[in-house]
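Structural description and commentary
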Amino acid sequence: MKLSAKSMIVGIAVTATVCSSIIALVLALARHYTVELPYDTQYGMVFDAGSSHTSLFIYKWPGGKENNTGIVSQLRVCEVDGGGISSYKSDPPAAGNSLQQCLDVAKAVIPVSKQHSCPVYLGATAGMRLLSLQDQSTTDRIMQEVSNTIKGYPFDFRGAQILSGMEEGAYGWITINYILEGFIKYTFEGEWIHPKGGRILGALDLGGASTQIAFTPKEPVTQPNSEAALQLYGHKYGVYAHSYLCYGKDQAMRQLQAYLVEESGFSAIVIHPCYHTGFNLTLTMRELYDSPCVTKPGNIDPGKSVTFFGSSDPERCLSLIQNIVNVTECPYSPDCGFNGVYQPPIHGQFFAFSAYYYTFDFLGLAPQAPLPKVTSTIETFCKKSWYSLKVEYPGAKEKYLKDYCASAQYIVTILVQGYKFNETWDNIFFQKQVADTDIGWTLGYMLNLTNMVASTRPLVVTGVQRSQWAAEVFFIVFALFLSLVLVMALVFWPYEHDLNTV
Ligand SMILES: Nc1ncnc2c1ncn2[C@@H]1O[C@H](COP(=O)(O)OP(=O)(O)O)[C@@H](O)[C@H]1O
Ligand SMILES: [Ca+2]
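Everything numeric in this text was worked out from a predicted model, so none of it was measured.

1. Focus: the state of the cysteines
Cysteine pairs can be covalently joined through their sulfur atoms, and such a bond is termed a disulfide. On inspection of all chains with the given rule, the structure shows five disulfides. Between the sulfur atoms of C246 and its disulfide mate C293 the distance is 2.1 Å. Here C246 and C293 share a disulfide; its torsion about the S-S bond, -80°, makes the bridge left-handed. Separated by 47 residues along the polypeptide, C246 in the loop between β11 (235–245) and α8 (249–263) and C293 in the loop between α9 (285–288) and β14 (305–310) bring together distant segments of the chain. By relative accessible area, C293 is classed as buried at 13%.

2. Quick word on the UniProt feature "active site" (unreviewed entry) in the chain
As annotated in UniProt, the feature "active site" (unreviewed entry) corresponds to E168 in the numbering used here. Leave out the neighbours within four places in its chain, and E168 touches T125, R129, L163, D205, S210, Q212 and W441. A polar contact is formed between the side chain of E168 and the side chain of R129, at a distance of 2.7 Å.

3. Section: the site of ligand 1
Lining the immediate surroundings of ligand 1 are 18 residues, of which S51, S52, T125, A209 and Y404 lie closest. Note that an oxygen atom of ligand 1 is positioned 3.1 Å from one of the side-chain N or O atoms of D250. The fraction of the free accessible surface of ligand 1 (580 Å²) that becomes covered by protein chains is 89%. Those elements that provide at least two residues to the shell around ligand 1 are α8 and α11 (355–362). Viewed by domain, the shell around ligand 1 spans two of them, domain 2 (41–246 + 432–452) and domain 3 (249–324 + 368–430), each represented by three or more residues.

4. Regarding the sheet that holds strand β3 (residues 73–79)
Taking strand neighbours across the sheet as the criterion, the five strands line up as β3-β2-β1-β4-β5 in an open arrangement whose pairing is mixed. The sheet is open, and its two edges are formed by β3 and β5 (156–162), each paired on a single side. Neighbour-to-neighbour, the strand axes of the sheet open up by a mean angle of 15°, direction not taken into account.

5. Some remarks on the nonpolar core
Residues L204, I213, V325, Y356, Y410, L415 and Y419 are the most contacted members of the largest nonpolar core, which totals 73 residues. When residues of this core are assigned to their parent elements, the largest contribution, ten residues, is made by helix α15 (residues 404–418). Taken domain by domain, the makeup of this core includes at least three residues from each of domain 2 (41–246 + 432–452) and domain 3 (249–324 + 368–430). Excluding its chain neighbours within four sequence positions, the residues that come into contact with Y356 are L204, D205, L206, T211, I411, I414, L415, Y419 and F430. One finds Y171, I176, F353 and L443 within the second-largest nonpolar core, a separate group that totals 39 residues.

Criteria and thresholds
- Residues numbered from 1 in each chain as written.
- Chains lettered and ligands numbered in written order.
- Predicted model: local features only at pLDDT ≥ 70, side-chain atom pairs only at ≥ 80, totals over all residues.
- Heavy atoms only, no water.
- Disulfide = S-S within 2.5 Å.
- Helix = DSSP H or I, 4+ residues; strand = E, 2+ residues; numbered from the N terminus.
- Buried < 20%, exposed > 50% of the residue type's maximum accessible area, 1.4 Å probe, protein only.
- UniProt positions renumbered as here; feature names shortened; annotations may be inferred.
- Contact = heavy atoms within 4.5 Å.
- Polar contact = N/O pair within 3.5 Å; in protein donor to acceptor, adjacent residues only side chain to side chain.
- Near = heavy atom within 4 Å.
- Areas by Shrake-Rupley, 256 points an atom, 1.4 Å probe, with all protein chains shown as cover.
- Domains from an automatic or database assignment.
- Pairing = 2+ DSSP bridges.
- Axes fitted to C-alpha atoms, helices over the stretch in contact; angles between N-to-C directions.
- Core = buried A, V, L, I, M, F, W, Y, C linked by side-chain atoms within 4.5 Å.

Written as structure tokens, this is what we have:
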């Protein structure tokens, strides 16, 4: 059998080139496949120990070797049975026990191999801030009990803390802007960028015991105590944040009751214009004055009771609210919120969540409605009798239903007359969630404490970068082109140049 030297050389060259192309192709695909493999998911949890209730938020994000930024999303939320942890002042161990059911849920949801590395935080808000004003040792005891319970579980417990009002406001602001990609954005081209002129949103949180406002004003904040200087992904943000203690929905309602009782001269029967006709509520003086948000008169009999009778009177209700919210006093004129608190002019769009959302959603006013529609809807609702409300909303919980009229009037008062959203009402979105993640302070709190918003430049972890792909594709095309040239050479090489002349 005669084998020409030309054929041998060209054959070897073609085989080598084709083999190297295949290897390059396989390597490129393997590299891509590795990145596309399911991420090594990480988990983190935050207990939101609010004044009225506790929730456990379980988050997950794509992890791995690199300390990447990824996108944190909410995996699950577990509602703790019973009241907020501050309601356990006569039985602190029960506050700890109340968390067990949700910790058991977390154990079932998070893979066993990930539980030891799953950070857990507990943040308590205004209910505990108020309790600490009344009774510091019981406050400490409750914080100790909740910590002990969490330590009994296989997670990485990182501490239980009472947040300041400013922190609560600032973390809510971080949460919204993180979820809505205000700080950083993953582009179609596969790069993380700082969105130029991107919209930075404000945060409005209405809790039971306090309410927060946080936003980036147009002009720098002039009162340093009102500014949270945040550095996120290497960018500086001057965030105005303020928390009004005692001006959450439930404590505001408490202030209304106390005002009416005093106005009546401590009568046993008091007409309440914000409650509906046919509704009545009886409280002892002990219950009424069991809060630092209302001043207990010196000579009051704690066992004496008062009964509030609803009168479905929205006009009187609104003017009653003006008695607990001072919208005229302003030492920083004109830069004030309410009660004479410094606040720069409102700037940009806002998300209003928690009880802002619950109230407006119930009334069919979420996520947005023009102000005239809002006021007319509230007026119509407030005029309804308790009987007709019970018929219309058979599934509604009485503890919330009785307050929707008053809280809606209260919301409009603080937003329009307090914060001065008169011209900019349409910039408020009443919303509970974005991308299946609840809006609240917990996500921002965890991102901050786990250092996930601190890095100046997050690492790209999703997919192969375009430049890598371009190099790989170029190499494959070049190798195949070379093979083609060699095959052509084999076919068209003149026979007389054949080396096999023997
Ligand atoms: N479905 C609902 N309808 C109306 N209000 C609600 C609903 N669910 C929760 N709330 C209210 O939301 C508020 C939540 O406040 P919370 O987070 O417990 O207090 P804080 O943030 O002041 O510590 C409470 O006033 C509670 O009554
Ligand atoms: Ca809250």
